[in-house]
Structure formats: C-alpha cells, structure tokens
Amino acid sequence: MTGSDFLRLDPRDAPSRGRTAWLTAQIRAAVADTTLSAGARVPPSRELAEELSFSRGVVVEAYRRLTEEGLLVTNRGAGTRIAQVVPPAAQPLRLPEPLEAVEPLQISEGAPDLSAFPRAAWLQAERRVLATATARDLGYADPRGVPALREALAGWLARRRGIHVPPERILVTAGVTGALSLTAQTMRERGLTTCGVEDPSADGNRRILDYWLDELRPIPVDHEGIDIAALQASGVRVVLTTPAHQFPTGVALSPTRRRELIAWAERVDGVIIEDDYDSEYRYDRAPVPALQASAPERILHISSLSKVLAPALRIGWMIAPESWTDDLIRRRWATDLGSPALPQLVLAELIGSGVLERQVRRLRLRHRQRRDAAVAAIRDHLPGCRVEGIAAGLHIQVMLPEGADDADVARRAASEGIAVKPLSAYRFSPGPPGLVIGYGPHSSARLAAAIATLGRLL
C-alpha cells in the first residue's frame, strides 16, 4: 500500500530508523492542532500497520507512548480514541536531530528515559486526588510532608531498601539537592563546617555543600568504595558517600568497608550522609541494602525518585538520626513551610496502586538493553578502553588509554555535536583519564552513533 487515509500518512515520509517516533509525532501533532479532536477514533493497530507496510509492533508502541502521555484511551469494545482531557502542554515531538545539529546529543548525564514518564497514570492519580481531597489536604501541610506520602514511603523503603522507620521519621524534601542544603545548614548551626566527599564524585552535590560549608575534603575511592584510612586521616566528622552505587565509578561499598565506615563514625562521634544514588537500577548483581539500617543514629539517609519518574518533580526525602530530626524539621518549616502537597498526594497514589513498582521494572529492562548496546558499541569502536561500573545505574565509566587527555576528547566531541563529561571533571586530584557516558535517555542506535564518533576522535 502507498499510505493510509488516516491523517494522509505516507510511509515514504518516515525515516528508515525511528518509525515509531515518527508515527507518534504525527498523531501528537494532529491532536495539538485539533485535526484529531477528543473522542476521535484511531485505526486498530493491525489495520494501520498493514496500510503503512510497518510491522505491527511499530504502531502498538506508538499507541502505548501516546496512552502514557494521556493522549489516547482504550475502552474494551469501543477501540482506541483520543482522550477527552488532553494535557495542555502536549506539543508535536521533534524527531532526534543528527549528531551534527546545533543542540548537542547529551550523553554526559546519568538521566533516565524521561519519555517513559507515566503521564496517563499520573493524570489518573491526580484526578483521584482532586476528587477526594479534603479541605485539610488543601491547607498548609506538615513541614515533614503530607502523612499519606510519608506512610507510602515508609512501606516502599521497607520493601525495597531494608529501612524500617515510622512515617514521622521521614522528612520530604525538594529532591536530594534540597536534602543536602538542609543538612549543610544544620551542620553549620552545629559547628560542623567541614565535610568529606568522595573523590571522584558528583559535581552537583559538591557545589551545594561548598555553597554552605567552609571546606570540602576529598576522600579517595578505590575498587571497594571510599577509603576509610584516608577518611580517618582527613579529620572530618561528616562525610557524604554513595554506598549503593558510587558516582561516577559505579563501585558498591564492600561489606568490609561498610563496617569500617560505621566504626569510623562511632570513633569520631560523626555522621555519614548516605546518598542512596541509583539504588533502583541494578542489572548484574543482587540488591545492595541501604546503609541506614546498620546504624540509624550515625547515618543521615537521603534519596529521591528523580531517576524513576522525573527530576522535575523535585520530591525527595531524608531520614536523619533522632538527635538531628527536630532541627531539620524546624529549618524546613522556616525555609518554605514544606513541599507542595498535591504532588505528594499524587505520588502516594502511585506508590499505593503499584504503578511505581511497575515503572521501575519497565525502566530497568529498557535501561539494561541500552546499557548492553553502549557496552557493545564501546567494544566495537573503542577497543582497548576498559568499561567500569556497568552492573547498575544509568551511566558507565570508560577508561581511556594512558596519556590521553579526557578533557580534550570531550571538547572535540562537543565540536562533533556530542556532549560527554571527562572523568577529570569529577576529580579533586589528578587520576587516570576517562569518560562518563549516560545511556538512559537514548536509543541503542543513537548511542552506537555517538560512541562511534568518540572512537574516531580517539
């Protein structure tokens, strides 16, 4: 067939790769300009696939994406139709630009696939919340967070991270950044103006702590995690660490180091800030339990769902030692009275309904496939470069040949339209050259093309 009467779709307009994105964009654009109005029926997937000479899977996947965005609804016996309530922010999706486009291809961040955000489920949960919200729910919330979310998080953390705390011990924050900011301000109030941080480590976390504190002291990381002897020698009493999945090396803190870290905190009357980074994404190893359960009065646990849902939600949490909790709650109240209540209620709905569990499973499978594609592309195009940190998370660390200038490689990659971060950008001290490649948001083909370009540059 030469095409479909539906939207006058011509398969010759579709790229050879990316047909699903093309079809999704065509339908989304027709909804945005009201060519397809609310209640309009779309063709059965088998029928449209035959008309376009596409595989049925292309149409099924396009319909699935649009359903998640809240643009399509399926009713048994009535087919698939345009939703009655169309999100006002829905806009035509642009196809991925080629690598030489002005906007660089970002493979420098450990971000999730944000196109997989469960829009339809969020909208449904939001409608349920608005239909049942009481006057109390719409008033000023507890600065710790709304009770429904703290109760849902208590169950979530017990099931998935081995943390057993009552809801009143959980403080909802504006993501991990908000938790670190509160922590650093409370540290300063207690006379703790110096903090140990892993070397290498996430630059965003370092910037937040450096804004509030007088000094950050780098603590080396090796194949077992943070170096406890170096931590002891640093003289600090507070340290920020990522024991479940160290950024950017991908190392999990070894059992021996976990015990040594807690013993260090006991000796110096110190506190461990546990950033439970990327704990939901593991592929080739058993779950690593949260450190908090091992020493609740020495560990300040912080985390968020930014890598499972979206960073834009700005919802995270912290669980502090009891001796810190009241100070943190007072500071949260004095800062902004707490996080917005309605998004918290929606998130509580998603946790309670099982949507979040399903989202994690689906993204874990998708990200694992992309991880495998990135590793295969590195093997093909960067022979001799060692890949590390692949067992979990949303990024990999690629060690370059000795003597390579990773910052120069990153600059040349930028001139080719690829944004990649050199490992040296995450270090305090000099070290072996490398690149940190985030694979979560990108298709296998896009990753392979970007990594092939890096191979040519090297």
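Scroll up a little and you will see the structure.
Here goes a summary of the coordinates provided. (Residues numbered from 1 in each chain as written. Predicted model: local features only at pLDDT ≥ 70, side-chain atom pairs only at ≥ 80, totals over all residues. Heavy atoms only, no water.)

1. Quick word on the packing of aromatic side chains
Moving on, step 1. Enumeration over the complete set of coordinates arrives at five aromatic pairs.
Moving on, step 2. Aromatic side chains Trp22 and Phe54 sit 6.1 Å apart centroid to centroid with 75° between the ring planes, which places their arrangement in the edge-to-face category. Of this pair, Trp22 sits in helix H1 (residues 19-32) while Phe54 sits in the loop between helix H2 (45-52) and helix H3 (56-68); the two residues are 32 residues apart in sequence, bridging distant segments of the chain. You'll find Trp22 and Phe54 in the same group, each marked buried.
Moving on, step 3. Each ring, one from Phe247 and one from Tyr426, has its centre 5.1 Å from the other, and the planes form 85°; the classification is edge-to-face. Placement of the pair is Phe247 in the loop between strand E8 (238-241) and helix H9 (255-268) and Tyr426 in the loop between strand E15 (421-422) and strand E16 (434-438), with a sequence separation of 179 residues. For the pair Phe247 and Tyr426, one class covers both residues: buried.
Moving on, step 4. Members of the aromatic cluster, each reached through a chain of ring pairs, are Phe247, Tyr277 and Tyr426.
Moving on, step 5. Over the aromatic face of Trp156 sits the side chain of Arg160, whose NZ or CZ is 4.8 Å from the ring centroid.
Moving on, step 6. Its guanidinium or amino end placed over the ring of Phe428, Arg206 lies 4.8 Å from that ring's centre, counting from NZ or CZ. (Phe/Tyr/Trp six-rings, centres within 6.5 Å; stacked < 30°, edge-to-face > 60°. Helix = DSSP H or I, 4+ residues; strand = E, 2+ residues; numbered from the N terminus. Buried < 20%, exposed > 50% of the residue type's maximum accessible area, 1.4 Å probe, protein only. Lys NZ or Arg CZ within 6 Å of the ring centre and 35° of its normal.)

2. Topic: the sheet that holds strand E9 (residues 271-275)
Moving on, step 1. Strand order in the open sheet formed by eight strands is E4-E11-E10-E9-E8-E5-E6-E7, and the pairing between neighbours is mixed. Looking at strand neighbours, the two that pair on one side only are strand E4 (170-173) and strand E7 (225-226), the edges of this open sheet.
Moving on, step 2. As defined by bridge partners, strand E6 (residues 215-222) adjoins E7 across two bridges and the pair is classed as antiparallel. Residue pairing across strands places Asp222 opposite Gly225, the latter belonging to E7.
Moving on, step 3. On top of the sheet, H9 reaches E6, E7, E8 and E9; it is set at about 140° to E9, its chief contact. (Pairing = 2+ DSSP bridges. Contact = heavy atoms within 4.5 Å. Axes fitted to C-alpha atoms, helices over the stretch in contact; angles between N-to-C directions.)

3. Observations concerning empty space enclosed by the protein
Moving on, step 1. As enumerated under the stated definition, the model contains three cavities of 30 Å³ or more in all.
Moving on, step 2. Space inside the largest cavity adds up to approximately 60 Å³.
Moving on, step 3. Contributing to the lining of the largest cavity are Arg161, Ala244, His245, Asp278, Ser279, Tyr281, Arg282, Arg285, Ala286, Pro287, Val288 and Ala392.
Moving on, step 4. Tallied by class, the residues present in the lining of the largest cavity amount to six nonpolar, two polar and four charged. (1 Å grid on protein atoms, 1.4 Å probe; cavity = no way out; pocket = protein on both sides within 12 Å on 5 of 7 lines; lining within 4 Å. Points joined across faces, edges and corners; volume = space filled by probe spheres on them. Nonpolar A, V, L, I, M, F, W, Y, C, P; charged D, E, K, R; others polar.)

4. Regarding a nonpolar patch on the surface
Moving on, step 1. Taken together, the side chains of Leu130, Leu138 and Leu342 define a hydrophobic patch exposed on the protein surface, amounting to about 290 Å² of accessible area.
Moving on, step 2. Tracing the backbone shows Leu342 in helix H11 (residues 341-352). (Patch = residues over 30% accessible without salt bridge, like charges linked within 9 Å, V, L, I, M, F, W, Y side chains within 5 Å. Areas by Shrake-Rupley, 256 points an atom, 1.4 Å probe, with all protein chains shown as cover. Salt bridge = Lys/Arg side-chain N within 4 Å of Asp/Glu carboxyl O.)

5. Quick notes on the pairing of strand E10 (residues 299-304)
Moving on, step 1. Here E10 lies mainly inside the structure; six of its six residues are buried.
Moving on, step 2. Residues of E10 alternate between two faces, with Ile299, His301 and Ser303 on one and Leu300, Ile302 and Ser304 on the opposite face, all of them buried.
Moving on, step 3. Bridge count for E9 against E10 is four bridges, and the pairing is parallel. Bridging across to E10, Ile272 finds its partner in Ile299.
Moving on, step 4. Bridging between E10 and strand E11 (residues 316-319) involves four bridges; their strand directions are antiparallel. Looking across to E11, one finds that Ile302 is bridged to Met318.

6. Topic: the sheet that holds strand E12 (residues 386-388)
Moving on, step 1. If you trace the four strands from one edge of the open sheet to the other, you get E12-E13-E16-E15, paired in antiparallel fashion. A single partner strand is all that each edge strand has here, and the edge strands are E12 and E15.

7. Digging into the environment of Leu23
Moving on, step 1. As for its position among the elements, Leu23 is in helix H1.
Moving on, step 2. Along the backbone, Leu23 and Leu9 are 14 residues apart, and their C-alpha atoms lie at a distance of 8.7 Å.
Moving on, step 3. Contacts of Leu23, omitting those with residues within four sequence positions, involve Leu9, Leu48, Leu52, Val59 and Ala62.

8. Quick notes on the pattern of salt bridges
Moving on, step 1. One pass over the full model with this rule turns up 31 salt bridges.
Moving on, step 2. Among the salt bridges present, the one from Asp276 reaches Arg161, with a minimum N-O distance of 2.7 Å. One end of the pair, Asp276, is in the loop between E9 and E10; the other, Arg161, is in helix H5 (residues 147-161), with 115 residues separating them in the sequence.
Moving on, step 3. By relative accessible area, Asp276 is classed as buried at 3%.
Moving on, step 4. By relative accessible area, Arg161 is classed as buried at 5%.
Moving on, step 5. A salt bridge links Asp203 to Lys421, with the shortest nitrogen-to-oxygen separation between them at 3.0 Å.

9. Things to note about H11
Moving on, step 1. With 12 residues, H11 extends 17 Å from end C-alpha to end C-alpha; this agrees with the ideal 16 Å at 1.5 Å per step.
Moving on, step 2. For H11, the full list of buried residues reads Ala341, Gln344, Leu345, Val346, Leu347, Ala348, Leu350 and Ile351. (Expected span 1.5 Å × (residues − 1).)

10. Quick notes on the nonpolar core
Moving on, step 1. One finds Ile107, Leu149, Ile170, Ile351, Val420, Ile437 and Leu454 to be the most contacted residues of the largest nonpolar core, which totals 62 residues.
Moving on, step 2. Those residues in contact with Leu454 that lie beyond four places of it in its chain are Ile107, Leu382, Ala413, Val420, Leu435 and Ile437.
Moving on, step 3. Counting 24 residues, the second largest nonpolar core, distinct from the first, contains Leu171, Leu240, Leu300 and Ala320. (Core = buried A, V, L, I, M, F, W, Y, C linked by side-chain atoms within 4.5 Å.)

By themselves, these observations are geometric and do not establish any function.
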